[in-house]
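# Commentary on secondary and tertiary structure
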Amino acid sequence: MANPYYDAADLRKFGKITEWSEEIGTKFFEYYGKVFEEGALSAREKSLIALAVAHVVKCPYCIDAYTKDGLEKGITKEEMMEAVHAGAAIESGATLVHGVQMMNKYNKLSM
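Note that this is a predicted model, so its numbers are computed, not measured.

On to unusual backbone geometry. Phi is positive for K58, which is not a glycine, with a value near 60°. Mapped onto the secondary structure, K58 falls in the loop between helix 2 (43–56) and helix 3 (60–72). For K58, a relative accessible area of 52% translates into the label exposed.

Bringing helix 4 (residues 77–97) into the picture now. If you check helix 4, its first and last C-alpha atoms are 30 Å apart, about what 21 residues at 1.5 Å a residue would give, namely 30 Å. Among all positions of helix 4, only M80, A83, V84 and G87 are buried. One side of helix 4 carries all its buried residues, which in axial view fall inside an arc of 100°. Exposed residues pointing more than 90 degrees away from the buried face of helix 4 are listed as E78, E82, H85, L96 and V97. Considering only its buried residues, helix 4 is in contact with helix 2 and helix 3.

What counts and how
Residues numbered from 1 in each chain as written. Predicted model: local features only at pLDDT ≥ 70, side-chain atom pairs only at ≥ 80, totals over all residues. Heavy atoms only, no water. Helix = DSSP H or I, 4+ residues; strand = E, 2+ residues; numbered from the N terminus. Buried < 20%, exposed > 50% of the residue type's maximum accessible area, 1.4 Å probe, protein only. Expected span 1.5 Å × (residues − 1). Arc of directions from axis to C-beta. Contact = heavy atoms within 4.5 Å.

What follows is the structure, given as structure tokens:
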């Protein structure tokens, strides 16, 4: 079987993005770290949100990272799947609501 397009080992290389743009990369990681600190939302809640978003944006690296992070934070497989379904429902709704754009355009053009 051929190598997959996404290599799980690449996730460990994420920090290297600063090598080609040190200032911006460093600022990104500072921001990223700050976002996932405890705040109004717990780190556990943020991990679930990140897992759902990872599925919506279809990032295999993020899915791997936040599945692992969730396990480390005691998130159950049922909670993870429910978060994924919540993300999928929003993504589906966002797609379907754009059907109104099509309906408006159709009605305008067919008058």
